[in-house]
Amino acid sequence: MQLDITDVCKSFEGRQVLHSLSFSVTSGRAMGFLGRNGAGKSTTFRCLMQVFRQDSGSFTVDGRPLDPAEHRIGYLPEERGMYAKTSLVDQLEYFACLKGASRKDARRDALGWIRYFGLDEYAEKKLETLSKGNQQKIQIAQAFLGDPDIIVLDEPFSGLDPVNAQVFKDAIRSMVKKGKLVIFSSHQMAYVEEMCDDVTVIDAGRIVASGPLEKIRKDAGRGLYAIEPTPGASDAIRTAILATGREATCHGDLLLTPRDDAFLRGFVAEHFDRIASCGDWRPSMQDIFISLTGADESTDNASDVGASDATGSPDANASDASADKTAERTDK
Amino acid sequence: MNGLATVFRFEYTQQVRKKAFVATTVLLACAAVFAALCPIIFASALDGQSSDQTLTGGVYYADPSLAGTLPFDQDHTYESEDDLRNAVEDGTESMGFVIKDLTHITTYYKNYTSSSASDSGIVQSMLQQAYVTSVLASRGVSPDEYQALLATPVDEDRQILGRDSTTQYMTAIVYIVVVYIVVLFFGQTVATAVAREKDSKTMELLITSTRPTNLILGKVIGLTCAALTQIGAVVCAGGIAYLAAHDSYPQGVRDFLSDAFDGSMLGVYLLNFVLALALFMVLYAALGSLVSRVEDVSTAVTPVMLLVVIAYLLAFLAADGATNAFVTIGSWIPFFSVFVMPIRFSVGTASWVQIVGSTVLTLACTVALAYVSVRIYRWGTLRYGTRIKLFTAIRKAFSSQE
């Protein structure tokens, strides 16, 4: 199954917020849909879910117009809530019935997901009696009701603690394995790198990158090679590279230099005891994201994603990017 | 259809399971049982009263030959005018009557109130009766003959060509009060339910799971049925108590009730009751979707409450048999007609043709309003922030591409 989003435009009161968005999502591969606050992610999802009608463009599944009545869709909106004074099982049963399940199947499905998230003992309790984290599990569970073919999750990890996030990641992975078409937005780049096969980055309503995650990272690496010196050896290694007439750019704990296999083989062998690791440079999604969506406001963005003070471009100086996040390396 | 049935079932079961709903239904059912037993309770109280009726206050007969003329207790009969006056002054008696003869009395009041004026009137009336009886007796007419003359019946062959509004008045008032309370209460409930879904961010999930028409109509029909369930439970409780106690009712009450309960009228009331609920609830639902917070609901629904109050007042005018322009025109305007037209029909100022005409008009208006409400609801779904004005919402809901 393939979902094609083609030339989707949307404006509100004369202000265009989506500019001819086009990308595709295929089943069995998780798509991360990334963008800054206000970039148009939720609007895209809402157009997809027909909450809003797009001004132009189309959403098609295997070449046919997307029809929520025909294609089973699980949707987790960014602003989500449920009935506080209704029991967990009753409201999940209700949402499953709304998606077309029979009452019997809906109840079984509801109880199944309640059990999956470890909330059996609260099944008959009102939602308001649960902790915030457990309430979020129920909100997430409703997106998986009715065995959906397409799963659309808007900021699904928002507010989840690491343990609950892991439970949720496992659920998403199992859906992807089952061949479901999964697309989700997130500001947490670590989750995107961990979960996604494909990524689409949107900035101010325009797509700035889209494709397989590995390809995007490789392209962003611009043929640079990353060398991680052992502690205290950074200056010596950098000086040694510069002495050969090549560029050597610091990026956190890494030194980036243009790839030249013949040179690197000799250089690594010569400085083997002062090199911890090396390999093709693969910028982290966080670096790529910041680079694509607003290097000038990197501090704000960094605080959004709760990570480093990286300045954006892979070849710019970075002050505090951790090695495990900024590069994918091969052991020596 | 399946989505509508699902929303209906959910809304209905959620409403009737609420503790407040169950408690209110039980209380109202108890009140209905009590009301059904009232004729027996008051009849027995009146029987007790008539057997030993005495007058309030104290008395002093200046003419000893008149002693015992009036039904005062012996304890309240005084030996002198001064004793009586002192008793009134110190509060032992609320008032005192000095009977000089059958046509002259002096009355002492501690405080002169409407109640004491009424009691004084009873004493004067009794004395007048005693005076007439004594005068007639002196002219050879015995008291029994006089009473028989006063009790001479006039046979009336009553031919009511229209409706007997005197017997329908009570049911008309009950209808007005019930429909007024139910529309306000359940209207507020539906508006709050919609606003709460928006406030708690449930709405986006709902409108991506089923059509807005299902959500609005399911909610309105569900809550209308909940209201009918409540009314039905109360009527059943009252009906069972009535059937159980019917044989003990005074004959006059039985006659009155058999005249008051007219099957065709009850049908007209029920039809208009359901129409009133549906009409106002779709409007309340639309208004509920225009606010982002539950606490803003009361402000948003104020204009509708005003409509309901005007309809309520017009219905009372109609119940008194008024046929002025306000009542006549009001009975054709859908928001008022559900209150006014059945009342006009019950008191005989409207015909079957008019009741059918207004029903069709109201039905058409309800369908149109439901359509508008669905558009407003759909448009207002993701509008957060300050309350949106109704007319702005209507304009935008029909002009926007969103």
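The model shown is predicted, which means the values in this text are computed figures rather than measured ones. (Residues numbered from 1 in each chain as written. Chains lettered and ligands numbered in written order. Predicted model: local features only at pLDDT ≥ 70, side-chain atom pairs only at ≥ 80, totals over all residues.)

With that settled, consider the overall build of chain A. A tally of helices and strands in chain A yields 12 helices and 14 strands. In chain A, which comprises 332 residues, the proportion classed as buried is 46%. Considering only intrachain contacts with a sequence separation of at least 6, the fraction spanning at least 24 residues in chain A is 70%. (Helix = DSSP H or I, 4+ residues; strand = E, 2+ residues; numbered from the N terminus. Buried ≥ 20, exposed ≤ 12 C-beta atoms within 10 Å, placed from the backbone. Contact = placed C-beta atoms within 7 Å.)

Let's shift gears to the packing of helix H11 (residues 297–319) of chain B against helix H13 (residues 334–346) of chain B. Residue and element names in this part refer to chain B. The N-to-C vectors of H11 and H13 enclose an angle of 15 degrees; their axes lie 8 Å apart at closest approach. Between H11 and H13, the angle is such that the two are roughly parallel. Seen along the crossing, H11 lies across H13 with a hand that is right-handed. Along its contact with H11, which presents Leu307, Ile310, Ala311, Tyr312, Leu314, Ala315, Ala318 and Ala319, the element H13 presents Phe335, Phe336, Phe339, Val340, Ile343 and Arg344. Partitioned by chemical class, the residues of the contact of H11 with H13 number 13 nonpolar, no polar and 1 charged. (Axes fitted to C-alpha atoms, helices over the stretch in contact; angles between N-to-C directions. Parallel < 35°, antiparallel > 145°, perpendicular 65-115°, else oblique. Left-handed = near helix turned anticlockwise from the far one by under 90°. Nonpolar A, V, L, I, M, F, W, Y, C, P; charged D, E, K, R; others polar.)

On to the environment of Ser174 of chain A, then. Mapped onto the secondary structure, Ser174 of chain A falls in helix H5 (residues 162–177). Along the chain, Ser174 of chain A and Gln135 of chain A lie 39 residues apart, while their C-alpha atoms are 21 Å from each other.

Bringing the domain arrangement of chain B into the picture now. With domains assigned, chain B is organised as domain 1 (2–36 + 165–399) and domain 2 (58–146). If you average the C-alpha positions of domain 1 of chain B and of domain 2 of chain B, the two centres end up 56 Å apart. (Domains from an automatic or database assignment.)

Turning next to the domain arrangement of chain A. Residue and element names in this part refer to chain A. Splitting chain A by domain gives domain 1 (2–213) and domain 2 (222–326). When residues of the side of domain 1 that touches domain 2 are traced back to their parent elements, those giving at least two are strand E3 (30–35), helix H6 (189–195), strand E9 (198–203) and strand E10 (206–212). The leading source of residues in the side of domain 1 that touches domain 2 is H6, at 3 residues. When its residues are assigned to classes, the side of domain 1 that touches domain 2 shows 6 nonpolar, 3 polar and 3 charged.

So, about the interface of chain A and chain B. Chain A puts 21 residues into the contact, and the matching count from chain B is 17 residues. For the side of chain A that touches chain B, the element with the most residues is helix H2 (residues 88–98) of chain A, which contributes 4 residues. A per-class count over the side of chain A that touches chain B returns 12 nonpolar, 4 polar and 5 charged.

For the rest of this paragraph, the subject is the sheet that holds E3 of chain A. Residue and element names in this part refer to chain A. Taken in spatial order, the 6 strands make up an open sheet running E6-E7-E8-E3-E9-E10, and their pairing is mixed. Of all strands in the sheet, those bounded by a partner on one side alone are strand E6 (73–76) and E10. Taken pair by pair, the neighbouring strands of this sheet meet at an average axis angle of 10 degrees, ignoring direction. Looking at chain direction, E9 and E10 are connected through 6 bridges and run antiparallel. Bridging across to E10, Thr200 finds its partner in Ser210. Where helix H4 (residues 132–144) meets the sheet, its contacts fall on E6 and strand E7 (150–154), and the angle it forms with E6 comes to roughly 160 degrees. Here helix H10 (residues 285–293) sits on the sheet in contact with E3, E9 and E10, set at roughly 30 degrees to E9. (Pairing = 2+ DSSP bridges.)

This paragraph deals with unusual backbone geometry. Residues and elements named next belong to chain A. With a phi close to 50 degrees, Asp7 is a non-glycine residue in the positive phi region. Looking at the secondary structure, you find Asp7 in strand E1 (residues 2–12). You can call Asp7 partly exposed: it has 13 C-beta atoms within 10 Å. Of note in this structure, Gln50 is not a glycine but carries a positive phi near 65 degrees.

Let's shift gears to the nonpolar core. Judged by nonpolar contacts, the single largest core of 152 residues is most densely connected at Leu92 of chain A together with Met281, Val282 and Ala285 of chain B. Top contributing element to this core by residue count: helix H10 (residues 263–288) of chain B, with 16 residues. Ignoring sequence-local partners within four residues, the contact set of Leu92 of chain A consists of Ala110, Trp113, Ile114, Ile138, Ala141, Gln142 and Leu145 of chain A. (Core = buried A, V, L, I, M, F, W, Y, C linked by C-beta atoms within 7 Å.)

On to the sheet that holds strand E2 (residues 15–26) of chain A. Residues and elements named next belong to chain A. The strand order across the open sheet formed by 4 strands is E2-E1-E4-E5, and the pairing between neighbours is antiparallel. Where the open sheet ends on each side, the last strands, each with one partner, are E2 and strand E5 (64–65). Two strands pair when backbone bridges link them, and strand E4 (residues 56–61) and E5 are joined in this way by 2 bridges, in the antiparallel orientation. Each residue of the ladder has a partner; that of Val61, found in E5, is Arg64.

Residues and elements named next belong to chain B. Viewed as axis vectors pointing N to C, H13 and helix H14 (residues 352–380) meet at an angle of 160 degrees, and their least axial separation amounts to 10 Å. One finds that H13 runs roughly antiparallel with respect to H14. Viewed along their axes, H13 and H14 form a crossing whose handedness is left-handed. Contact residues: Pro334, Ser337, Val338, Met341 and Phe345 in H13; Gln354, Ile355, Ser358, Leu361, Thr362 and Cys365 in H14. Looking at side-chain class alone, the contact of H13 with H14 contains 7 nonpolar, 4 polar and no charged residues.

Residues and elements named next belong to chain A. Following the sequence through the fold, Leu119 ends up in the loop between helix H3 (103–116) and H4. Given 19 C-beta atoms within a 10 Å radius, Leu119 is considered partly exposed. Separated by 15 residues in the primary sequence, Leu119 and Asn134 place their C-alpha atoms 7.8 Å from one another. Not counting chain neighbours up to four residues away, the residues in contact with Leu119 comprise Leu88, Ile114, Asn134 and Lys137.

Take the pairing of E7 of chain A next. All names here are of chain A. Counting buried residues in E7 gives 5 out of 5 residues, a clear majority hidden from the surface. The alternating pattern of E7 places Ile150, Val152 and Asp154 on one face and Ile151 and Leu153 on the opposite face, and all of these are buried. The pairing of E6 with E7 spans 4 bridges and is parallel. Across the sheet, residue Tyr75 finds its bridge partner in E7, namely Val152. Looking at chain direction, E7 and strand E8 (residues 181–185) are connected through 5 bridges and run parallel. What sits directly across from Ile151, in E8, is Val182. In this view, the connection linking E7 to its parallel neighbour E8 by way of H5 has right-handed handedness. (Right-handed = clockwise from strand over helix to strand, strands pointing away.)

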